[in-house]
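# Topology and contacts: notes
Single-letter residue listing:
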Amino acid sequence: QVQLVESGGGLVQPGGSLRLSCAASGNIFSIYAMGWYRQAPGKQRELVAAITSGGSTNYADSVKGRFTISRDNAKNTVYLQMNSLKPEDTAVYYCNADVRTTDSIWNLDYWGQGTQVTVSS
């Protein structure tokens, strides 16, 4: 019903930048919150940043001041600009969206397939 497609991951040196994108498609009526999570090997998945349809944002303490989340509601797309990347940012990054579809009155969580971000010299 709803697909989230991420792009923009890759290999970058410490101090570098990457921009992740996630586009939602399908029978979407509305999207409340969109966000990015990450999971490093041997660790639990954690919230990186989230943004509501009204533009309110929330960041993990570890990325505040370095990452910026933004959103294009007309395109159902969320972005994550990552600057000053550190080796500890290495993880698989997953897009998440809180979606109400056209055939439901409830919101459901949807996830992308994940994109690898590796920060290494």
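Residues numbered from 1 in each chain as written. Predicted model: local features only at pLDDT ≥ 70, side-chain atom pairs only at ≥ 80, totals over all residues. Heavy atoms only, no water.

As a further point, take the overall build of the protein chain. When its secondary structure is counted, the protein chain shows zero helices and 11 strands. Its helices and strands taken in sequence order, the protein chain reads β-β-β-β-β-β-β-β-β-β-β from the N to the C terminus. Considered along the principal axes of its C-alpha atoms, the protein chain spans approximately 50 × 25 × 25 Å. Out of the 121 residues in the protein chain, the part that is buried amounts to 43%. Across the protein chain, contacts joining residues at least 24 apart in sequence account for 56% of those joining residues at least 6 apart. With the model as given, the accessible surface of the protein chain reaches about 6,300 Å², and the carbon-plus-sulfur share is 48%. Separation between the mean location of the 10 positive side-chain charges and that of the 9 negative ones in the protein chain comes to 4 Å. (Helix = DSSP H or I, 4+ residues; strand = E, 2+ residues; numbered from the N terminus. Buried < 20%, exposed > 50% of the residue type's maximum accessible area, 1.4 Å probe, protein only. Contact = heavy atoms within 4.5 Å. Areas by Shrake-Rupley, 256 points an atom, 1.4 Å probe, with all protein chains shown as cover. Lys, Arg positive; Asp, Glu negative; His and termini not counted. Charge placed at Lys NZ, Arg CZ, Asp CG, Glu CD.)

With that out of the way, let us pick up unusual backbone geometry. If you check the backbone angles, Asn76 has positive phi at about 50 degrees while not being a glycine. Mapped onto the secondary structure, Asn76 falls in the loop between strand S7 (67–72) and strand S8 (77–82). Using a relative accessible area of 24% as the deciding quantity, one classes Asn76 as partly exposed. The residue Ser84 is not glycine, and still its phi comes out positive at about 50 degrees. Tracing the chain through its elements places Ser84 in the loop between S8 and strand S9 (91–101).

Applying the stated criterion to the full structure yields one aromatic pair. Measuring from centroid to centroid gives 5.0 Å for Tyr37 and Trp111, while their planes differ by 65 degrees, and the two rings are edge-to-face. Taken together, the residues span a long stretch of sequence, with Tyr37 in strand S4 (residues 28–39) and Trp111 in strand S10 (residues 107–111) at a distance of 74 residues. According to the relative accessible area criterion, Tyr37 is partly exposed, its value standing at 23%. Of the residues examined, Trp111 reaches a relative accessible area of 37% and is grouped as partly exposed. A cation over a ring is seen here: Arg19 above Tyr79, with NZ or CZ 4.1 Å from the ring centre. In this arrangement the basic side chain of Arg45 is found over the ring face of Tyr94, its NZ or CZ atom lying 3.7 Å from the centre. (Phe/Tyr/Trp six-rings, centres within 6.5 Å; stacked < 30°, edge-to-face > 60°. Lys NZ or Arg CZ within 6 Å of the ring centre and 35° of its normal.)

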